[in-house]
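# Summary of structural features
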Amino acid sequence: MRAQRVRAAAYRMRHHVLDMGEAQGQGYVGQALGAADMLATVYVDQLRFRPDNPGWEGRDRFLLSTGHYAIGLYAALAEAGIIDTAELQSYGSDGSRLPMSGMASYTPGMEISGGSLGHGLTIAVGMALGLRYQGSPARVINFLSDGELDEGSTWEAAMGAAHHGLGNLIGMVDINALQADGPTAGVLRTEPVPDKWAACGWQVQRVDGNDVDALLAAFDAVGPDRPSVILCDTRIGRGVPLLETREKAHFMRIDADEWQVCREQLTAGYQEGALL
Ligand SMILES: [Mg+2]
């Protein structure tokens, strides 16, 4: 039941992403499709929040480090009932509360302005520490990308989190093997990624980030005594074969006549059970 709910949400979110991308003619669609199962798992199954009061003090905090993934987060916020689905059509246009790169001051439910990459985990550590001092049971979940593992600040934060024993902090790394400058393995070799987090003192799990059952099991296995990271191997464009099989690019070009094909492929795949 849990997995079904998450999968259905991820499917709707992918549709939202395609609709937003088409409205603007662009967007980081490939990443948002790839990360939809991670975001759906978090918003449908994990986070405690109040849709009518996104700033509720007792909420779990979800920090999107990668501001350019905002299109994916907006889809999740709509699914969570924090923003109206109708508002998604304004994505990226002048005066919209949904800019192309995430801005905390614009969008209800967006905790940080991501986009200067490598800073999300540092903020998450501060928040988790602060919440613990306040005696709050709230958790902090930080979504970061494999490209952000090139940043020294990420590892300073990782060591700090373990030093302070932040059991209220969970990291999710979207390992899609690509970053702005090219394939991650060619820009700066970060593998073996699990060993590095373990050496910093974190609980480490690695899963197929497009397998909802695996994501749920990973969250269920998170322990309370130290920070935990879930390394998620994902596929760019997941759910839309036209995009999954296209040459991978950080910014994917999609022609005007392809959006409808993408939607049809997504729906067909979901109905046939191609999405785990
Ligand atoms: Mg990446």
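In this numbering scheme, every chain counts its residues from 1 along its sequence in written order. At least 70 in pLDDT is required for a residue's local features to be given in this predicted model, at least 80 for side-chain atom pairs to be given and counted, and no such filter applies to totals for whole chains, interfaces and linings, which use all residues.

## A few points about the overall build of the chain
In plain terms, the rule: In this description a helix means any DSSP run of H or I spanning at least four residues, a strand means any run of E spanning at least two, and both kinds are numbered starting from the N terminus. Based on C-alpha atoms, the radius of gyration is set beside the globule rule, defined as 2.2 Å times the residue count to the power 0.38. Whether a residue is buried, exposed or partly exposed follows from its count of other C-beta atoms within 10 Å of its own C-beta, namely 20 or more, 12 or fewer, or something in between, respectively; the C-beta atoms are built from the backbone. Once C-beta atoms have been placed from the backbone, residue pairs whose C-beta atoms lie within 7 Å are recorded as contacts.
The number of helices and strands found in the chain is ten helices and seven strands. For a compact globule of 276 residues, the expected C-alpha radius of gyration is about 19 Å, and the chain comes in at 17 Å, within 12% of that figure. Each principal axis of the C-alpha distribution contributes one length, and for the chain these read about 50 × 45 × 40 Å. Looking at the chain as a whole, 47% of its 276 residues qualify as buried. Put simply, of all contacts in the chain between residues at least 6 apart along the chain, 75% involve residues at least 24 apart.

## Considering the packing of helix 1 (residues 2-24) against helix 10 (residues 259-271)
Applied cut-off: Fitting a line to C-alpha atoms yields each axis, with helices limited to the stretch in contact; the angle taken between N-to-C directions then spans 0 to 180 degrees. Any angle from 65 to 115 degrees is called roughly perpendicular, while one under 35 is roughly parallel, one over 145 is roughly antiparallel, and all others are oblique. Three classes are used, and their members are as follows: Ala, Val, Leu, Ile, Met, Phe, Trp, Tyr, Cys and Pro are nonpolar, Asp, Glu, Lys and Arg are charged, and the others, Gly among them, are polar.
As a packed pair, helix 1 and helix 10 sit with axes 10 Å apart at the nearest point and diverge in direction by 175°. Put simply, helix 1 runs roughly antiparallel to helix 10. On the side of helix 1, the interface is formed by Tyr11, Arg14, His15, Leu18, Gly21 and Glu22, while helix 10 contributes Trp259, Cys262, Arg263, Leu266 and Tyr270. Residues belonging to the contact of helix 1 with helix 10 are distributed by class as follows: six nonpolar, two polar and three charged.

## Quick notes on the UniProt feature "domain: Transketolase N-terminal" (unreviewed entry) in the chain
Heads up, the condition is: UniProt positions are given in the numbering used here, feature names are shortened, and annotations may be inferred rather than shown by experiment.
Cross-referencing UniProt, the feature "domain: Transketolase N-terminal" (unreviewed entry) maps to residues 10-266 in the present numbering. Within the segment residues 10-266, helix and strand shares are 40% and 13% respectively, and the terminal C-alpha atoms sit 11 Å apart.

## Focus on the environment of leucine 77
Within the element layout of this structure, leucine 77 appears in helix 3 (residues 70-79). When the C-alpha atoms of leucine 77 and glycine 130 are compared, they prove to be 25 Å apart, with 53 residues separating the residues in sequence. In this structure, leucine 77 is in contact with Ile82, Ile83 and Gly109, ignoring residues within four places of it in sequence.

## Brief notes about the sheet that holds strand 2 (residues 140-145)
The cut-off we apply is this: Strand pairing follows a simple DSSP-based rule, namely that at least 2 bridges must link the two strands.
With respect to topology, five strands assemble into an open sheet ordered 1-2-3-7-6, the strand pairing being parallel. If you trace the sheet from one side to the other, it starts and ends with strand 1 (61-64) and strand 6 (203-208), each paired once. Between one strand axis and the next, the sheet turns through 20° on average, direction left out of account. Bridge count for strand 3 (residues 169-175) against strand 7 (residues 228-233) is six bridges, and the pairing is parallel.

## What about the environment of aspartate 37?
Here aspartate 37 lies in helix 2 (residues 29-46). We classify aspartate 37 as buried; it has 29 C-beta atoms within 10 Å. For the pair aspartate 37 and alanine 8, spaced 29 residues apart in sequence, the C-alpha separation works out to 9.8 Å. Not counting chain neighbours up to four residues away, the residues in contact with aspartate 37 comprise Ala10, Gly209, Asn210, Val212 and Leu215.

## Observations concerning unusual backbone geometry
Of the consecutive residues glutamate 191 and proline 192, the connecting peptide bond is found in the cis state with omega at 0°. Looking at the secondary structure, you find proline 192 in the loop between helix 6 (184-187) and helix 7 (193-200). Although it is not a glycine, alanine 177 adopts a positive phi angle of roughly 65°. Tracing the backbone shows alanine 177 in the loop between strand 3 and strand 4 (178-179). What makes alanine 177 partly exposed here is the crowd of 17 C-beta atoms within 10 Å.

## Here's the deal with the packing of helix 1 against helix 8 (residues 212-220)
For clarity, the cut-off: Throughout, a crossing is termed right-handed when the near helix is turned clockwise from the far one, and left-handed when it is turned anticlockwise from it by less than a right angle.
Packing of helix 1 against helix 8 leaves a shortest axis separation of 9 Å and a crossing angle of 120°. In terms of orientation, helix 1 lies oblique with respect to helix 8. Handedness of the crossing formed by helix 1 with helix 8: right-handed. Seen from helix 1, the contacting residues are Arg2, Ala3, Val6 and Arg7; seen from helix 8, they are Val212, Asp213 and Leu216. Residue composition of the contact of helix 1 with helix 8, grouped by class: four nonpolar, no polar and three charged.

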